[in-house]
Amino acid sequence: MKEKMRNFSDFEKKIILRMIDLDEKSRSLNVLGNIYGSFSKELSLPDYCYVDVKSESDVKIQVKNSVLNSGSLDLNYFDDTVSKMMLTVVMLFEHLEDESLAYFIGDLDFCSVGTVCSDEEYTPCDFLENESKALIYKYTRKKIFISESLKVLAKNEFKSEEVIRHESSQAAIKKQLAYTQIALGLTFVGLLVSVFLPMFSVSDINIKNTKLNTALDNSTLDAISRDSNVILAQIKDTCSGIVILATIYIQTCIKPSGAFLCLSFIKNVH
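Calculation notes
- Residues numbered from 1 in each chain as written.
- Predicted model: local features only at pLDDT ≥ 70, side-chain atom pairs only at ≥ 80, totals over all residues.
- Heavy atoms only, no water.
- Helix = DSSP H or I, 4+ residues; strand = E, 2+ residues; numbered from the N terminus.
- Buried < 20%, exposed > 50% of the residue type's maximum accessible area, 1.4 Å probe, protein only.
- Contact = heavy atoms within 4.5 Å.
- Salt bridge = Lys/Arg side-chain N within 4 Å of Asp/Glu carboxyl O.
- Arc of directions from axis to C-beta.
- Lys, Arg positive; Asp, Glu negative; His and termini not counted.
- Pairing = 2+ DSSP bridges.
- Axes fitted to C-alpha atoms, helices over the stretch in contact; angles between N-to-C directions.
- Core = buried A, V, L, I, M, F, W, Y, C linked by side-chain atoms within 4.5 Å.
- pLDDT = per-residue confidence, 0-100.
- Parallel < 35°, antiparallel > 145°, perpendicular 65-115°, else oblique.
- Left-handed = near helix turned anticlockwise from the far one by under 90°.
- Nonpolar A, V, L, I, M, F, W, Y, C, P; charged D, E, K, R; others polar.

Quick notes on the overall build of the protein
Okay, so step 1: Check the secondary structure of the protein and you find nine helices and six strands.
Okay, so step 2: Here the protein, with 270 residues, has 30% of them falling under the buried criterion.
Okay, so step 3: Within the protein, residue pairs in contact and separated by at least 24 positions form 76% of the contacts whose partners lie at least 6 positions apart.

Quick look at the pattern of salt bridges
Okay, so step 1: In this structure the tally under the stated criterion is nine salt bridges.
Okay, so step 2: For D58, the salt bridge goes to K60, with nearest N and O atoms at 3.0 Å.
Okay, so step 3: By relative accessible area, D58 is classed as partly exposed at 24%.
Okay, so step 4: For K60, a relative accessible area of 25% puts it in the partly exposed group.
Okay, so step 5: A salt bridge links D80 to K84; the shortest N-O distance between them is 3.4 Å. Note that D80 and K84 are positioned in helix α4 (residues 75-98) at a spacing of four residues, about one turn of the helix.
Okay, so step 6: Connected through salt bridges with shared partners, the residues D23, E148 and K151 form a single ionic network.

Considering the environment of L73
Okay, so step 1: Considering the arrangement of structural elements, one finds L73 in the loop between α3 (65-70) and α4.
Okay, so step 2: Residue class for L73 comes out buried when judged on its relative accessible area of 17%.
Okay, so step 3: Remark: the alpha-carbon pair of L73 and V63, spanning ten residues in sequence, is separated by 9.9 Å.
Okay, so step 4: Residue contacts for L73: discarding those within four places in its chain leaves Y48, V63, V67, L68 and F78.

Some points on helix α6 (residues 148-155)
Okay, so step 1: Looking only at α6, the buried set comprises L150, K151, L153 and A154. In an axial view of α6, the angular spread of the buried residues amounts to 160°, which keeps them on one side of the axis. When the buried face of α6 is taken as reference, the exposed residues oriented beyond 90 degrees from it are E148 and K155.
Okay, so step 2: Contact partners of the buried residues in α6: α1 (10-24), α4 and β6 (143-146).
Okay, so step 3: Backbone geometry just downstream of α6 places E157 in the positive-phi region, at approximately 60°.

Examining the side chain of K64
Okay, so step 1: Its place among the elements puts K64 in strand β2 (residues 59-64).
Okay, so step 2: One buried charged residue, K64, remains without a salt bridge, the closest side chain of opposite sign being E120 at 4.3 Å.
Okay, so step 3: When near neighbours in sequence (up to four residues on either side) are disregarded, K64 contacts D47, Y48, C117, E120, E121 and Y122.

Overview of the sheet that holds strand β5 (residues 122-125)
Okay, so step 1: Read across the open sheet, the four strands follow the order β4-β1-β2-β5; overall the sheet is antiparallel. Either end of the sheet is taken by a strand with one partner, and the two such strands are β4 (112-113) and β5.
Okay, so step 2: Where strand β1 (residues 49-53) lies against β4, two bridges are found, and the strand directions are antiparallel. Across the sheet, V51 pairs through a bridge with V113, a residue of β4.
Okay, so step 3: Together, β1 and β2 form the strand contacts of α4, whose direction differs from that of β2 by roughly 135°.
Okay, so step 4: Its contacts with the sheet put helix α5 (residues 130-140) on β1, β2 and β4, and the angle it makes with β1 is roughly 90°.

Topic: the nonpolar core
Soluble globular proteins: nonpolar side chains tend toward being buried together.
Okay, so step 1: Of all hydrophobic cores here, the largest spans 44 residues; its most connected members are M19, V51, F93 and L96.
Okay, so step 2: Per-element accounting of this core gives the leading share, nine residues, to α4.
Okay, so step 3: Here L96 is in contact with F8, I16, M19, L101, A102 and L150, once residues within four sequence places are set aside.

Here we look at the confidence of the model for the protein
A low pLDDT score tells you not to read the predicted coordinates there in detail.
Okay, so step 1: Looking at the protein as a whole, its pLDDT mean stands at 76, while 67% of the residues score no less than 70.
Okay, so step 2: Here helix α9 (residues 257-269) stands out as the least confident element of the protein, with mean pLDDT 44; strand β3 (residues 102-105) is the most confident, with 92.

Description of the packing of α1 against α6
Okay, so step 1: Their axes nearest at 11 Å, the elements α1 and α6 cross at an angle of 125°. If you check the angle between α1 and α6, you find them oblique. Once α1 is placed against α6, the crossing between them reads as left-handed. Here α1 contributes I16, L17, I20, D23 and E24 to the contact with α6, which in turn contributes L150, K151 and A154.
Okay, so step 2: Of the residues contributing to the contact of α1 with α6, the split by class is five nonpolar, no polar and three charged.

See below:
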């Protein structure tokens with residue numbers, strides 16, 4: 001494709017899906033008139049008008065005289081609705097052709113879009129701009145062929161390959177983050193258990209009346225001091241590990257702002 005894929009409106013998506021549907025049906029002529037004719041009343045041309053296509057400069061919307069004479073038709077609303085609808089379709093065709101997503105071939109002898117009633121009289125309304133007339137004339141007479149790229153795009157709910165890759169990458173990151181959070185949580189709980197469980201453990205103690213020698217020499221005092229220092233160092237390392245794990249867990253599971261609190265506490269511990 002020549003440039004980044006643009007987003008399609010809901011109306012454009014319905015047109016594309018109808019184009020693909022006609023393309024895949026045997027004996028179906030994939031042309032502008034048949035695309036419009038297959039839509040519901042909300043999306044198709046009103047049944048009281050049709051588009052008369054004679055040349056690039058002579059394209060008019062023909063409205064039934066009976067409707068015009070009844071006074072029930074709001075011409076401003078009609079002009080805004082039908083003109084925008086026609087312009088949206090032909091501009092979409094032009095974009096698909098430029099992107100090689102669809103091919104418009106031939107010069108069919110079609111001179112109208114919509115249903116023409118032979119027993120009705122019509123009044124031409126020149127609502128369309130000259131640029132719109134040229135595009136309507138061009139694409140009314142073309143047969144439409146759909147590329148495989150457009151079919152794949154529609155199958156992927158009109159998401160480009162870049163969007164699909166991004167969504168897959170985001171999903172993988174979220175999945176990995178969930179596993180990391182679970183692992184950190186289990187590790188954190190394990191450390192807490194290893195620290196606090198001995199404090200609540202109960203042991204059987206047999207008390208005997210035994211004379212103790214309370215005289216301590218210097219070597220004994222040095223050994224006690226060394227053991228105390230080792231125990232304090234182990235407690236300090238354990239507390240530091242708990243705080244670090246808590247900080248990481250907060251960063252991944254809660255919010256980044258909590259990290260500053262824990263990091264300042266780590267500095268004080270060290």
